[in-house]
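Here is how the chains run, residue by residue.
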Protein chains: 4
Amino acid sequence: MIIKMKRSATGEQIGTVINRIGEFGLGIRMTITDGHTLLTVTGGDDRLGTWTPIHMPGVESFTLDIEHVLPEKITVSVGGQEIGSDKLCMIAGPRIIESEERIFATARELHKCGIKIMRGGSYSPNTSPYAFRGLESEGLRMLRSAADQYGLLTVSEVVSLAELDNAAKYCDILQIGARNMQNYRLLQAVGKTDKPVMLKRGVAATVDEWLDSAEYILREGNSRVILCERGIRTFETATKSTIDIAAITSVREKSGLPVIVDPSKAAPHGRFVPSLSLASVAAGADGLMIDAHPNPAEALSDSAQQLSFSQLSKLIDSVRYIALAMGKSV
Amino acid sequence: MIIKMKRSATGEQIGTVINRIGEFGLGIRMTITDGHTLLTVTGGDDRLGTWTPIHMPGVESFTLDIEHVLPEKITVSVGGQEIGSDKLCMIAGPRIIESEERIFATARELHKCGIKIMRGGSYSPNTSPYAFRGLESEGLRMLRSAADQYGLLTVSEVVSLAELDNAAKYCDILQIGARNMQNYRLLQAVGKTDKPVMLKRGVAATVDEWLDSAEYILREGNSRVILCERGIRTFETATKSTIDIAAITSVREKSGLPVIVDPSKAAPHGRFVPSLSLASVAAGADGLMIDAHPNPAEALSDSAQQLSFSQLSKLIDSVRYIALAMGKSV
Amino acid sequence: MIIKMKRSATGEQIGTVINRIGEFGLGIRMTITDGHTLLTVTGGDDRLGTWTPIHMPGVESFTLDIEHVLPEKITVSVGGQEIGSDKLCMIAGPRIIESEERIFATARELHKCGIKIMRGGSYSPNTSPYAFRGLESEGLRMLRSAADQYGLLTVSEVVSLAELDNAAKYCDILQIGARNMQNYRLLQAVGKTDKPVMLKRGVAATVDEWLDSAEYILREGNSRVILCERGIRTFETATKSTIDIAAITSVREKSGLPVIVDPSKAAPHGRFVPSLSLASVAAGADGLMIDAHPNPAEALSDSAQQLSFSQLSKLIDSVRYIALAMGKSV
Amino acid sequence: MIIKMKRSATGEQIGTVINRIGEFGLGIRMTITDGHTLLTVTGGDDRLGTWTPIHMPGVESFTLDIEHVLPEKITVSVGGQEIGSDKLCMIAGPRIIESEERIFATARELHKCGIKIMRGGSYSPNTSPYAFRGLESEGLRMLRSAADQYGLLTVSEVVSLAELDNAAKYCDILQIGARNMQNYRLLQAVGKTDKPVMLKRGVAATVDEWLDSAEYILREGNSRVILCERGIRTFETATKSTIDIAAITSVREKSGLPVIVDPSKAAPHGRFVPSLSLASVAAGADGLMIDAHPNPAEALSDSAQQLSFSQLSKLIDSVRYIALAMGKSV
């Protein structure tokens, strides 16, 4: 059931409907379309029996048929980019910022390729405590200067509350990593900033849990959430994780949020990145985030998955064709 | 390590090399390219230490670098179609053949859409013993007559040895279903026929296990094997199974066999079929198999996933654009 | 909902109820207790709304509360053993029968340990077509003679219809392997024999699918089905598969069939077998099937998982204590 | 390979060995036994080829055979309890602290059952932002007073750095939840406290990743880490998650840390808790953590999985028998 509230509905009226639904043991997903709050009941309309919300204050109408009601598509504006529009959001850069020289080389090459957003990690959330930990705030500063020199936007992962201020200072988009997808305090904190947030899907998170995590950010008042699919954990070991290509459609059916795909972390080798990228765009993704490095063989982390800039440039040419076939552009 | 045997190598020489590799606890994948048998060592070259096969009788050369050696691409010819070529293999039809009238209606519509291969099940391998079981040999006969009237090829699942003769009589391509992917007797039996075999991936099969099953068919002398990805079983319940889009690249790296994708069984609803289809083609699939039905709402099985012919026709138009972007055609 | 039919209910009356339930899009699990057919509705009573079957011919009563209605416990009698009783069913032997000498040595040792049922494979359903294939009918003959000499019962896997007659001739219990759990023709064929069937769970089968496969055997009139849990496929690679210890309780709640556990196939090493065995018995399993070999280091297959007889004997001593704690005996 | 360092080895010498191993692309797990640092090479000794560490400064010896070298068993002392000893660690209490009255009732009942550690959540890390959030610091205060009145120890989850001081003030054991298993900043922070830490396994974490997370705590100097298995995410939906019973043996082989099992979160219903508990103890677990509530039907969270105190008391009686069979006590 989707309940459409009146434009004039008060927060209290909306809350009363949510609580009533909760009494049935059901959940709610809240979206706003054209000034109306839409409450989508999750967990199975069956439990509602013959109940309807039609006499509750603030309710305009409701529908049992969710088949053809796609949530309104949301675009996220950042520095002149419209993420979620027909222009694909292309992000690239190294998994880890390694040196001033390399990040400047990266920025120069991205600029040449026409890519507008540079990513780079500065606090590595490594599984092992003995791995390289990143350049921390110094890395973020380098990322910013390199980006500024070439007119790029920046995105980097916020690994904990302690690094949030620094990340907000140097980055245009804050990334929440897969391991932190259910770190609710962190979600709430980025939800209170005025920065767009790229929320990666946890490796064992269902689409519904991922959207629940997005909700933690949205309800703090930050409506600029970008979802990022990066593969789920399955029994298959031929790849590092399994890109859930259908999740692009699932989130489109359940929310209006833009969704991009990061194929590099799933790929066992950079050779898999092009096909996963093209597939993602053909499945309707709003963009891509690609690991790229001036010299992949020398990368300190995940060197096998990183593309060189010549590989990246060639990939973008292929993406351009698929985008065109989809009525979009790069 | 890939070991290239001489064109003149005898079966005994090849067997000796395979046995020697086996002593290291490693496996072999055998392919034939341009008259040479290629033996790809599986399980990790590390165990070979400094051993090389170079002095063994029949060995021409070997290489340790599998990075840039893609197996030669194989095409499967059937009734004028070249599956695995730049022309996509498009298959459609109902999951289950329900009546003479409906299968003729299907054939007529496929013909209009330009689809050359009709699928239709006649022995339903249902999980529950109480479900509809199919029209059995009568259904296969109907499939054949309908196909003949409109100049189509046919594909249908062989569910056991007992049905093989009938299937071979009425079908141009024999399908092995996901549940039978490791039914080795059945694999051997279809390997002895002169019909192309479409081998579906088991829902819990790794790419390597799937290729091992293909090997069971190939080694009986039947070289016309077409792989079909149909989704693997994961924790995600938003879809019925998770299409492993990277498997298309994995099988391309490990074998030359053509691979098509069946998106319908994974889809929770027909609305997911178009995006999964486009993604598959963009990822490099050699074709698609789509559930289509004259009137999905009345289908006896999986009605939610089946496309109507108008939906199918629209999908093919979209596929055409992606195919074009990939340098292919429908 | 569980519907209890009258003792006098006809097949047609039962069929009418099943069909009516099917119209709601729900399934049925059928069990017989004390002469009454019980129909358990599967898929969610919610869809039934306010409908009840109470006025349908042949219905005695129905209950909505499945909480405390455990299906009646079934025991399977074979050669003086009561599988499913308070006496645990202990099965051991080699994965593959390798030679007359070794299988006689095995039988002698099992006899010494007090184990009454010997297993041994004779047709290896290997993933790779190049692995050792077993001694086939000759192996079954050896298994039988060795068993007879020491008064043991035998169990061996039937890999296809072609081997069924031979297996039925030499074995007291027919085993259906995990790969064949949904080979419905084979299930129906063993369902027509007068031999007890041990049905292994497929590596990607849910408990419900496993019980559906059991139903394929039961409905052919063979009521002697023994379930065997052997681990499911998950992302974890520390073990070969993940023993689903809760499945013992799940099948107990949903059926009365006896369930044993085969821990060896899941174990990365024989060292894991004792803890998995004890856990299984403590979780309520009706027995164990253990890989054991006169000399594990020389075993042709899965040597790391096989126990020596001294290890087996020590394990049985530990099992005895847990059995005692559970009010059972070995 | 396990490398045993001299007792006199310096941090620099140990670091040099670790770095050398890293150059092979391999990892290290570090444990300390009897004053010696043991470095276990992870990722496959094969890559080391013929290299040995024997001439490196600070190395005492090394062994290639890890078969029979179990890490030394560690016990964690807290308030007179020795977790990891032959006396099982029994923890029980409500998932969420709901009121002063209920938590005192809980403490009284646990005391009667002979349970020495009470759990209770005060900051609910719910997937949905609209669910009940817990009583926060007020709840922790109640937990402490109730525990003090009945001489119990307390454990509660620390959901973020902001709550750490409060948790450390009121709790004897700090719990890290499954969702935070890879929240490295939080792991480091609890690693700096003087409180024992119970580290739950993430639902998609391999055993190795779980132990890597434990390492994050250990290397900060806090050696009192207790592992807690609570089920992993698989395709099976008959249970909420799949208890990985073999993980108890896996962590025992790879570390000396005590491991307990929390069966309640995996159980679809409280009826599953007893069998999962007995299985865990039989598999070698060092204890159990059980959801218990004065009146499960009224519980605000997960009411179906919580045991009443009469059920809990009955369960403990059964555990006692299994413990006895294992040479342990409750």
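The following paragraphs examine the structure supplied in this document. (Residues numbered from 1 in each chain as written. Chains lettered and ligands numbered in written order. Predicted model: local features only at pLDDT ≥ 70, side-chain atom pairs only at ≥ 80, totals over all residues. Heavy atoms only, no water.)

This brings us to the overall build of chain A. When its secondary structure is counted, chain A shows nine helices and 14 strands. Against the globule reference of 20 Å for 330 residues, chain A gives a C-alpha radius of gyration of 21 Å, in line with a compact fold. Judged by the C-alpha coordinates and their principal axes, chain A covers about 65 × 40 × 40 Å. By residue count, 61% of the 330 residues in chain A fall in the buried class. (Helix = DSSP H or I, 4+ residues; strand = E, 2+ residues; numbered from the N terminus. Rg over C-alpha atoms; globule rule 2.2 N^0.38 Å. Buried < 20%, exposed > 50% of the residue type's maximum accessible area, 1.4 Å probe, protein only.)

For the rest of this paragraph, the subject is the pairing of strand E14 (residues 287-291) of chain D. Along a regular strand, successive side chains alternate from one face of the sheet to the other. Residue and element names in this part refer to chain D. By the criterion of burial, E14 is predominantly enclosed, with five of the five residues buried. The alternating pattern of E14 places Gly287, Met289 and Asp291 on one face and Leu288 and Ile290 on the opposite face, and all of these are buried. For strand E7 (residues 89-93) and E14, the ladder comprises five bridges, and the chain directions are parallel. By the bridge assignment, Ile91 is partnered in E14 with Met289. (Pairing = 2+ DSSP bridges.)

Turning to the sheet that holds strand E9 (residues 153-157) of chain C, a few remarks are in order. Hydrogen bonds along the backbone pair up the strands of a sheet, which may run parallel or antiparallel. Residues and elements named next belong to chain C. Strand order in the closed barrel formed by eight strands is E7-E8-E9-E10-E11-E12-E13-E14, and the pairing between neighbours is parallel. Each strand of the sheet is rotated relative to its neighbour by a mean of 25°, with strand direction disregarded. Alignment of strand E8 (residues 117-119) against E9, held across three bridges, turns out to be parallel. The partner of Arg119 across the bridge, within E9, is Val155. The strands touched by helix H2 (residues 100-113) within the sheet are strand E7 (89-93) and E8, with E8 carrying the most contacts at an inclination of about 150°. (Axes fitted to C-alpha atoms, helices over the stretch in contact; angles between N-to-C directions. Contact = heavy atoms within 4.5 Å.)

Glancing now at the environment of Ala292 of chain A. By secondary structure assignment, the location of Ala292 of chain A is in the loop between strand E14 (287-291) and helix H9 (309-325). In this structure, Ala292 of chain A is in contact with Ala92, Gly93, Pro94, Gln306, Leu307, Phe309 and Leu312 of chain A, ignoring residues within four places of it in sequence.

In this section: the interface of chain D and chain C. Taken together, the 35 residues of chain D in the interface contact 35 residues of chain C. Between chain D and chain C, roughly 3,000 Å² of surface is buried when both sides are summed, and carbon and sulfur atoms account for 66% of that area. Where chain D packs against chain C, one counts four salt bridges. Glu253 of chain C is the partner of Arg271 of chain D in a salt bridge, and the nearest nitrogen-oxygen pair spans 2.5 Å. In this assembly, chain D and chain C are joined by eight residue pairs in polar contact (both at pLDDT 80 or more). Grouping the constituent residues of the side of chain D that touches chain C by class yields 20 nonpolar, eight polar and seven charged. (Buried area = accessible area lost by both parts, 1.4 Å probe. Salt bridge = Lys/Arg side-chain N within 4 Å of Asp/Glu carboxyl O. Polar contact = N/O pair within 3.5 Å; in protein donor to acceptor, adjacent residues only side chain to side chain. Nonpolar A, V, L, I, M, F, W, Y, C, P; charged D, E, K, R; others polar.)

Residues and elements named next belong to chain D. Looking at the secondary structure, you find Arg119 in strand E8 (residues 117-119). By relative accessible area, Arg119 is classed as buried at 4%. A distance of 3.4 Å separates the side chain of Arg119 from the backbone oxygen of Pro94, its partner in a polar contact. Excluding residues within four positions of it along the chain, Arg119 makes contact with Ile91, Ala92, Gly93, Pro94, Arg95, Leu143, Val155, Met289, Ile290 and Asp291.

Moving on, we get to the relation of the copies chain D and chain C. Rotating chain D by 180° and moving it 0.0 Å along the rotation axis overlays it on chain C with an RMSD of 0.1 Å. Taken together, these values place the two copies in the relation of a two-fold axis. Nearest to the rotation axis, the C-alpha of Ala279 of chain D is located 2.0 Å from it, this being the minimum over chain D. Interface residue correspondence from chain D to chain C reaches 100%, placing this contact among same-surface, isologous pairings. (Least-squares fit on C-alpha atoms with pLDDT ≥ 70 in both.)

Positive phi outside glycine occurs at Glu136 of chain B, with the angle close to 55°. For Glu136 of chain B, a relative accessible area of 36% puts it in the partly exposed group.

Residues and elements named next belong to chain C. At a minimum axis separation of 10 Å, helix H6 (residues 207-218) and helix H7 (residues 247-254) run at an interaxial angle of 50°. In terms of their interaxial angle, H6 and H7 are classed as oblique. Where H6 crosses over H7, the handedness of that crossing is right-handed. Residues Val207, Asp208, Trp210 and Leu211 of H6 lie in contact with H7, whose contacting residues are Ala247, Ser250, Val251 and Lys254. Per-class residue counts for the contact of H6 with H7 are five nonpolar, one polar and two charged. (Parallel < 35°, antiparallel > 145°, perpendicular 65-115°, else oblique. Left-handed = near helix turned anticlockwise from the far one by under 90°.)

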